Every structure is written in C-alpha cells, then in structure tokens.
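As a plain string of letters, each chain reads:
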Amino acid sequence: MYDYVSIAGPLARDRYLDAGIFTASDVDQGRLVMMGDTFVQSMPWIKPARITDTAPVIFYSPTWEGYGSEADNYSSVAGLRGFMAVLKAARALDLHRVVVKPHPYLGMLRPAMVREFISGIRLLRRSGLQVAVALRNASLQLRFGCHTQLSRLTTIEEDESAPVAVALALCDISGMEAIFLKQRIRHMVLARESDVPRGLETIYDHKSIMSHQDPETAVMDYLNGADDTDAAHRKMVFGWQNPELEGMSASSARRWIIDYVRRDPFWSRSKSV
C-alpha cells in the first residue's frame, strides 16, 4: 500500500517483520526508514527535574478507554489503579505536588471513566497532595465533569515559558512513553501482565508497575537504575536510517526524508534487478 514507511526504530521494524507486513529484504533495501524521535510529539511545558528545581512534581498521564473490548482498554483510571500508584509513588519520593494530564479522548466512549477520574482526583487531594489538572485538549465530557464536580479545582496552563519540573512520570501503555523517552523524563508504565508489548519484556521488568506489585518498591527499584534502563529503552525504540539524522533538527530531518524518497532507493533498485 505504501512505497516507504517512516518508523521510529528497531522495535517498530521488528513488529512489521513479525507481522509479515514487510520482509527482511525490504528492511535491508531501505523501505522502512528509521527516523528516531523526529516525528514524536514534544511537550515543551514539562521538563526533567534537576537537583536545583524546587517542588518538582509527580506527573500522571492516563490514556483513554480505547475502542472495542476491555482488551483494548489500557487505561489505569479504571478502579483508580493509577491514582493509587501516584499516591504511593509520591509517598515513596516525599513529593507533595501532582500534575495530571488526561488523554484527549478519555471519557468520550465510557462516561464511567469521567466519574472514576474525578474520584481519583478527590482521592489524591484527600491524601494531602496538591493536585493540578491539565485540561487543555481534554474531552468536553471530562472538562465539564471536573469543573462542575470538583470544588476549588486547580488547573495548570501548559506554559512553555515556565516548564514544570517532573521528578517522575507515570503513564499507561501509550504514546506518552515515546514522549518521555524523547525528553529524557524518568517514567514508569502502569500495565497489566497480559499487556506487556512484545519485545519490551526485559525493559518492563525494570520500569513498569504491574497490578500485583507494590508501587513504592517498584518505583525505588526503577530509580536505582533509571539511567541505564531508559538508555536501553531509547535504543530499542529509536534508531536512525543514517547516523547523521540523530543530531539533526526536526526540520532538517524532514527535508532529509523527502530527499530520500525522491531518490527512490528501494524501487529504483528493484526495477534494476
């Protein structure tokens, strides 16, 4: 269907091969173009916390309920599982501020998710944490529910000029993982044992919080080796077709791939064989 497919790196490449969508020959001849984090969204209003930052936060970014059956629902909002992990992580790190950034679709298909999200915010506030919710781009249902059901709601402007220092982020299996990897923000993934992506089992052993695990213990174990774990994770997720791409700006990388496709390295070679 496509002449070329831009992918982030080795993990995506292996998934295409395992699914039989492309062949090893396609890869060798450059039909899958590894572009690293070039096309990964950035969130410039958050940054990794440094020693000099005062009052860093726990950042929680739950995903939405997904289409289809419960098997497609990776959200940790259900049952307040993610909120409980946030609470325990905050206690383990002696942090008192939490920023919650919900997925833009959260609650659009299952209204009960809005109610559980609101219950989770209440749980964190009752526990003495200072909670701010980032509602830009949130679903209308979720914004309405938060503003009408939460008294003294604190919202946060996603201000790039004053980025929030994140000591630890918690997310679900979602695109947020790539964003945190790109921005070098330490993060852990809330997952069920049955949901661990193929190829990432070893990584998740060190940076996930499974439903049966004690979050406080998991957090401290991850932080003890976070730099090495995240470096290995980035190496699996991001790769580059050409070594010079890694140091390029996004605009230069886009020009590179346009030129690459114009030169047509795969199909030109195929025609000549």
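In short, a report on the structure. Small disclaimer: the values here were computed from a predicted structure and weren't measured.

**Thoughts on the pairing of strand β5 (residues 97–100)**
Point 1. Across three bridges, the pairing between strand β4 (residues 57–61) and β5 is parallel. Among the inter-strand pairings, Y60 is bridged to a residue of β5, identified as V100.
Point 2. Sheet topology places β5 next to strand β6 (residues 130–133); four bridges connect them, and they run parallel. Residue pairing across strands places V99 opposite A132, the latter belonging to β6.
Point 3. In this fold, β5 hands off to helix α4 (residues 111–126), which returns the chain to β6; that crossover is right-handed.

**Regarding the environment of R115**
Point 1. Note on placement: R115 falls in helix α4.
Point 2. The class for R115 is exposed, based on a relative accessible area of 56%.
Point 3. As a C-alpha pair, R115 and C146 span 31 residues in sequence and 9.1 Å in three-dimensional space.

**Focus: the side chain of E158**
Point 1. With respect to the element layout, E158 can be found in the loop between α5 (140–149) and β7 (164–172).
Point 2. Of note is the side chain of E158, whose polar atom sits 3.3 Å from the side chain of W45.
Point 3. Among the polar contacts made by the side chain of E158, one reaches the side chain of K101 at a distance of 2.7 Å.
Point 4. Ignoring sequence-local partners within four residues, the contact set of E158 consists of W45, K101, A134 and R136.

**Digging into the environment of K47**
Point 1. With respect to the helices and strands, the residue K47 is situated in strand β3 (residues 46–48).
Point 2. Its relative accessible area of 31% is what places K47 among the partly exposed residues.
Point 3. Along the backbone, K47 and S119 are 72 residues apart, and their C-alpha atoms lie at a distance of 28 Å.
Point 4. What K47 contacts, discounting residues up to four positions off in sequence, is D53, P163, V164, A165, V166 and I185.
Point 5. Within the structure, the side chain of K47 is placed 3.5 Å from the side chain of D53, a separation counted as a polar contact.

**Things to note about α4**
Point 1. Helix length check: α4, at 16 residues, gives a terminal C-alpha distance of 23 Å against a target of 22 Å (1.5 Å per residue), a fit within 8%.
Point 2. Restricting attention to buried positions, one finds in α4 the residues M113, V114, F117, I118, G120, I121, L123 and L124.

**With respect to unusual backbone geometry**
Point 1. Here the phi dihedral of R184 falls at roughly 55 degrees; this positive angle occurs in a residue that is not glycine.
Point 2. By secondary structure assignment, the location of R184 is in the loop between α6 (176–182) and β8 (187–191).
Point 3. Judged by its relative accessible area of 53%, R184 falls in the exposed class.
Point 4. Positive phi, normally seen in glycine, also occurs at D264, with a value near 55 degrees.
Point 5. With respect to the helices and strands, D264 occurs in the loop between α10 (250–263) and α11 (265–272).

**As for a nonpolar patch on the surface**
Point 1. Together, Y67, Y105, M108 and L109 make up an exposed nonpolar region whose accessible area comes to about 450 Å².
Point 2. The topology assignment puts L109 in the loop between β5 and α4.
Point 3. With relative accessibility at 46%, the residue L109 sits in the partly exposed group.

**A word on the packing of helix α8 (residues 215–224) against helix α9 (residues 226–237)**
Point 1. Two numbers describe how α8 lies on α9: the axes approach to 5 Å, and their chain directions differ by 80 degrees. One finds that α8 runs roughly perpendicular with respect to α9. Contact residues: α8 offers Y222, L223 and N224, while α9 offers A226, T229 and D230.
Point 2. The residue inventory of the contact of α8 with α9, partitioned by class, reads three nonpolar, two polar and one charged.

**Quick notes on the side chain of K207**
Point 1. Of note, K207 is situated in helix α7 (residues 201–207).
Point 2. Beyond its immediate sequence surroundings of up to four residues, K207 is in contact with L181, H187, M188, V189, Y222, T229, D230 and H233.

**A look at the pattern of salt bridges**
Point 1. Inspection of every chain in the model, using the stated rule, returns eight salt bridges.
Point 2. Here K47 makes a salt bridge to D53, at a shortest N to O gap of 3.5 Å.
Point 3. The salt bridge partner of K101 is E158, with a shortest N-O separation of 2.7 Å. Here K101, found in the loop between β5 and α4, pairs with E158, found in the loop between α5 and β7; they are 57 residues apart in sequence, far enough to count as distant.
Point 4. With relative accessibility at 9%, the residue E158 sits in the buried group.

**A look at the packing of helix α3 (residues 81–93) against α4**
Point 1. Between α3 and α4, the least distance of the axes is 9 Å, while the angle of their chain directions is 20 degrees. With respect to α4, the element α3 is oriented roughly parallel. Note that α3 runs across α4; the crossing there is right-handed. Residue-level inspection shows F83, M84, V86 and L87 of α3 in contact with α4, the latter providing E116, F117, G120, I121, L123 and L124.
Point 2. Grouping the amino acids of the contact of α3 with α4 by side-chain chemistry returns eight nonpolar, one polar and one charged.

Rules used in this analysis
Residues numbered from 1 in each chain as written. Predicted model: local features only at pLDDT ≥ 70, side-chain atom pairs only at ≥ 80, totals over all residues. Heavy atoms only, no water. Pairing = 2+ DSSP bridges. Helix = DSSP H or I, 4+ residues; strand = E, 2+ residues; numbered from the N terminus. Right-handed = clockwise from strand over helix to strand, strands pointing away. Buried < 20%, exposed > 50% of the residue type's maximum accessible area, 1.4 Å probe, protein only. Polar contact = N/O pair within 3.5 Å; in protein donor to acceptor, adjacent residues only side chain to side chain. Contact = heavy atoms within 4.5 Å. Expected span 1.5 Å × (residues − 1). Patch = residues over 30% accessible without salt bridge, like charges linked within 9 Å, V, L, I, M, F, W, Y side chains within 5 Å. Areas by Shrake-Rupley, 256 points an atom, 1.4 Å probe, with all protein chains shown as cover. Salt bridge = Lys/Arg side-chain N within 4 Å of Asp/Glu carboxyl O. Axes fitted to C-alpha atoms, helices over the stretch in contact; angles between N-to-C directions. Parallel < 35°, antiparallel > 145°, perpendicular 65-115°, else oblique. Nonpolar A, V, L, I, M, F, W, Y, C, P; charged D, E, K, R; others polar. Left-handed = near helix turned anticlockwise from the far one by under 90°.

Purely geometric stuff here, so don't read any function into it on its own.
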